Amino acid sequence: MELKITKEHDNVMLKRKEVEASVSFAKATPSNVEVAKALATKLSASEDVVVVKQILGGFGASSADIKAYVYASKEQKDKLEPKFNVKKAAEGAAPVEKK
């Protein structure tokens, strides 16, 4: 899996980085957990503060676009993120297809 960050925006008000990236892969589309780990390593952050919002992959494509947030602290993430997103990310939910 190869991850390339295409856009990065610092949101000072919410104390987070809003990241857009593209990922290319050989087999199945990577899960939210795999993408969060890759983003955490790429951005030198803890996996606890990374939230993957979307993985948009086309049918049969070997690449996908990603939208994610990297928070300044775990407390900030817990304060702002809805609880069902945290549960979904922990389960490694299936990605959404592009239309």
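Refer to the structure above for everything that follows.
Cut-off values and rules
- Residues numbered from 1 in each chain as written.
- Predicted model: local features only at pLDDT ≥ 70, side-chain atom pairs only at ≥ 80, totals over all residues.
- Heavy atoms only, no water.
- Phe/Tyr/Trp six-rings, centres within 6.5 Å; stacked < 30°, edge-to-face > 60°.
- Lys NZ or Arg CZ within 6 Å of the ring centre and 35° of its normal.
- Pairing = 2+ DSSP bridges.
- Helix = DSSP H or I, 4+ residues; strand = E, 2+ residues; numbered from the N terminus.
- Salt bridge = Lys/Arg side-chain N within 4 Å of Asp/Glu carboxyl O.
- Buried < 20%, exposed > 50% of the residue type's maximum accessible area, 1.4 Å probe, protein only.
- Lys, Arg positive; Asp, Glu negative; His and termini not counted.
- Polar contact = N/O pair within 3.5 Å; in protein donor to acceptor, adjacent residues only side chain to side chain.

Draft legend 1. Representation of the packing of aromatic side chains. Within this structure, the stated rule accounts for one aromatic pair. Judged by centre distance (6.3 Å) and plane angle (85 degrees), the rings of Tyr69 and Tyr71 are edge-to-face. Above the plane of the ring of Tyr69 lies Arg16, whose end atom (NZ or CZ) is 3.7 Å from the centre.

Draft legend 2. Fine view of the pairing of strand β1 (residues 2-11). As judged from the nine bridges shared by β1 and strand β2 (residues 16-24), these two strands associate in the antiparallel manner. The partner of Glu8 across the bridge, within β2, is Val19. Taking the residues that link successive antiparallel strands as the turn, the β1-β2 hairpin has four residues, and the phi of Lys15 there is positive, at about 55 degrees.

Draft legend 3. Spotlight on the pairing of strand β4 (residues 63-71). Pairing of β2 with β4, which is carried by nine bridges, proceeds in the antiparallel orientation. Counterpart to Glu18 in the pairing with β4 is Tyr69. As judged from the seven bridges shared by strand β3 (residues 50-57) and β4, these two strands associate in the antiparallel manner. When the bridges of β4 are listed, Val50 appears paired with Val70. The hairpin formed by β3 and β4 contains five residues between the paired strands, and Gly60 there has a positive phi angle of roughly 80 degrees.

Draft legend 4. The arrangement of the pattern of salt bridges in detail. One pass over the structure, following the stated rule, counts four salt bridges. Between Glu18 and Arg16 there is a salt bridge, with its nearest N and O atoms 3.2 Å apart. The exposure class of Glu18 is partly exposed, given its relative accessible area of 23%. Of the charged contacts, one joins Glu81 and Lys53 as a salt bridge, the two residues approaching to 3.1 Å between their closest N and O atoms. Here Glu81, found in the loop between α2 (74-80) and α3 (83-91), pairs with Lys53, found in strand β3; they are 28 residues apart in sequence, far enough to count as distant. In this structure Lys53 comes out as partly exposed when scored by relative accessible area, which is 28%.

Draft legend 5. How the structure looks around the side chain of Lys77. Along the polypeptide, Lys77 turns up in helix α2. No salt bridge is formed by the buried Lys77. Its closest oppositely charged neighbour is Asp78, at 5.1 Å. A distance of 2.8 Å separates a polar side-chain atom of Lys77 from the backbone oxygen of Asp48.

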